Structures are given as C-alpha cells and as structure tokens.
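The primary structure of each chain is shown beneath.
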Amino acid sequence: MKTQLLKLALPIGMGMVLTVITVMGLMTATSGCQKDSTTTQHCTNTAYPLYCPNVKVCCPRGYAHYCDGNCSTATCPGGTVNMDNCRE
C-alpha cells in the first residue's frame, strides 16, 4: 500500500506544481504592463516621453535613468542622491 502511495505522490505533486505555475502565468498575462492614466499626462512633449515618477521629471527617449539632475543612459553610479528609473 505504501509503495503505491509513493508512486502516485510524484505525478500528483508535479501536476499540482504545473497547475500553480499555469494559473500564475495567466494572472500575470492578464494584469501586467497596463499604462497608468496618471503617468501618461506628465510628459506631453514627444521629444521627452519618459517620465521619472519619484523626481517628477521627463527625459528623452533612450535616457531611462535620472541621476542627480541629469537624464542618463546608464544606471546611476554609487553615491547618487537623487535617482529614478524613467518609463513611458
């Protein structure tokens, strides 16, 4: 009896794990990456479409980081006081 129970435990456990992964994937696909209506109002200039919400600054396309008063293409160096990631 115990050996049959152990033979069933692995397939049932794997099935449960795959079900959980599938449900989480479906939830992520239906709820992810929606534009926030409050952030689209901030950067109306097409030359500066990226909004940095923490510092309330618009940056040009390609400059996805804000580091101490400047928009940057690379991540901020250590010791930066005001930094933010910018997005559309």
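Details of the structure are given in the entry above.
Residues numbered from 1 in each chain as written. Predicted model: local features only at pLDDT ≥ 70, side-chain atom pairs only at ≥ 80, totals over all residues. Heavy atoms only, no water.

**So, the state of the cysteines**
Each disulfide consists of one covalent bond between the sulfur atoms belonging to two cysteines.
Thought 1: Counting across every chain of the model gives 4 disulfides.
Thought 2: Linked covalently through their sulfurs, Cys52 and Cys86 form a disulfide whose S-S length is 1.8 Å. Across the S-S bond of Cys52 and Cys86 the torsion is about 85°, and the bridge reads as right-handed. Note that Cys52 is positioned in strand β1 (residues 50-52) and Cys86 in the segment after β5 (83-85), a separation of 34 residues in sequence. The exposure classification of Cys52 matches that of Cys86, with both residues buried.
Thought 3: Here Cys67 connects covalently by a disulfide to Cys76, the sulfurs 2.0 Å from one another. For the disulfide bridge between Cys67 and Cys76, the dihedral angle about the S-S bond is near -90°, and by the sign convention the bridge is left-handed.
Thought 4: For the protein chain, numbering the cysteines in disulfides from first to last along the sequence yields the connectivity 1-3, 2-8, 4-6, 5-7. (Disulfide = S-S within 2.5 Å. Helix = DSSP H or I, 4+ residues; strand = E, 2+ residues; numbered from the N terminus. Buried < 20%, exposed > 50% of the residue type's maximum accessible area, 1.4 Å probe, protein only.)

**Observations regarding the pattern of salt bridges**
Thought 1: This structure, assessed with the given rule, holds 1 salt bridge.
Thought 2: Note that Arg61 is salt-bridged to Glu88, the shortest N-O span being 2.7 Å. Highlighted residues: Arg61 in the loop between β2 (57-59) and β3 (65-67) and Glu88 in the segment after β5, separated in sequence by 27 residues. (Salt bridge = Lys/Arg side-chain N within 4 Å of Asp/Glu carboxyl O.)

**Quick word on the environment of Ala47**
Thought 1: Examined against the element boundaries, Ala47 turns out to sit in the loop between α1 (2-31) and β1.
Thought 2: Exposure remark for Ala47: the relative accessible area of 43% places this residue in the partly exposed category.
Thought 3: Excluding residues that lie within four positions of it along the chain, Ala47 makes contacts with Pro60 and Arg61. (Contact = heavy atoms within 4.5 Å.)

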